[in-house]
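For reference, the chains in residue letters:
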Amino acid sequence: MAAANKTVWGIHTMDDPLFLNQNLIAIGWEEMGNLSAINTSRDAYKEKYIAVYPDAKKGSIATSAGMLYRFVHEVPLSPVPLILSP
């Protein structure tokens, strides 16, 4: 029997009880504001990231903006397979 292809999302946290006790997932970057208000393109996330973090190193912009984009547009709402780690 062929194994089904499944995507597993790793959400790393320093506060496991917050996620487990309140049945939610969340990310930092409060300064970015409401991520759902950003245009749905990766470039829009990069532009917003640069505006919020003007001193960010060039190499970190695509990585950080990409994590935020994927959290909003690719992580499924339900069910969410999680790997919680310290």
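An account of the accompanying structure is given in this report.

### Here's the deal with the overall build of the chain
Next up, step 1: Each helix and strand in the chain was counted, giving 3 helices and 2 strands.
Next up, step 2: Counted from the first residue to the last, the chain has its helices and strands arranged as β-α-α-α-β.
Next up, step 3: For the chain, restricting intrachain contacts to residue pairs at least 6 apart in sequence, the fraction spanning at least 24 positions comes to 60%.

### So, helix α3 (residues 58–73)
Next up, step 1: With 16 residues, α3 extends 23 Å from end C-alpha to end C-alpha; this agrees with the ideal 22 Å at 1.5 Å per step.
Next up, step 2: Taken residue by residue, α3 has Ile61, Ser64, Ala65, Gly66, Leu68 and Tyr69 as its buried positions.
Next up, step 3: On its buried side, α3 packs onto α2 (42–52).

### Brief notes about α2
Since there are 3.6 residues in each turn of an α-helix, residues three or four apart along the chain are aligned in direction.
Next up, step 1: Buried within α2 we find Ala44, Tyr45 and Tyr49. Burial along α2 is one-sided: seen end-on, the buried residues are contained in an arc of 135°. For α2, exposure combined with an orientation more than 90 degrees from the buried face picks out Glu47 and Ala51.
Next up, step 2: Among the structural elements, α3 are those in contact with the buried residues of α2.

### Observations concerning the pattern of salt bridges
Next up, step 1: One pass over the structure, following the stated rule, counts 3 salt bridges.
Next up, step 2: A salt bridge links Arg42 to Glu74, with the nearest nitrogen and oxygen atoms 3.2 Å apart. Taken as a pair, Arg42 in helix α2 and Glu74 in the loop between α3 and β2 (82–83) lie far apart in primary sequence, 32 residues in all.
Next up, step 3: Measuring nitrogen to oxygen at the nearest pair gives 4.0 Å for the salt bridge that ties Lys46 to Asp43. Residue Lys46 and its partner Asp43 are located together in helix α2, separated by 3 residues, close to a single helical turn.
Next up, step 4: On the basis of relative accessibility, which here comes to 31%, the residue Lys46 falls in the partly exposed class.
Next up, step 5: On the basis of relative accessibility, which here comes to 48%, the residue Asp43 falls in the partly exposed class.

Calculation criteria
- Residues numbered from 1 in each chain as written.
- Predicted model: local features only at pLDDT ≥ 70, side-chain atom pairs only at ≥ 80, totals over all residues.
- Heavy atoms only, no water.
- Helix = DSSP H or I, 4+ residues; strand = E, 2+ residues; numbered from the N terminus.
- Contact = heavy atoms within 4.5 Å.
- Expected span 1.5 Å × (residues − 1).
- Buried < 20%, exposed > 50% of the residue type's maximum accessible area, 1.4 Å probe, protein only.
- Arc of directions from axis to C-beta.
- Salt bridge = Lys/Arg side-chain N within 4 Å of Asp/Glu carboxyl O.

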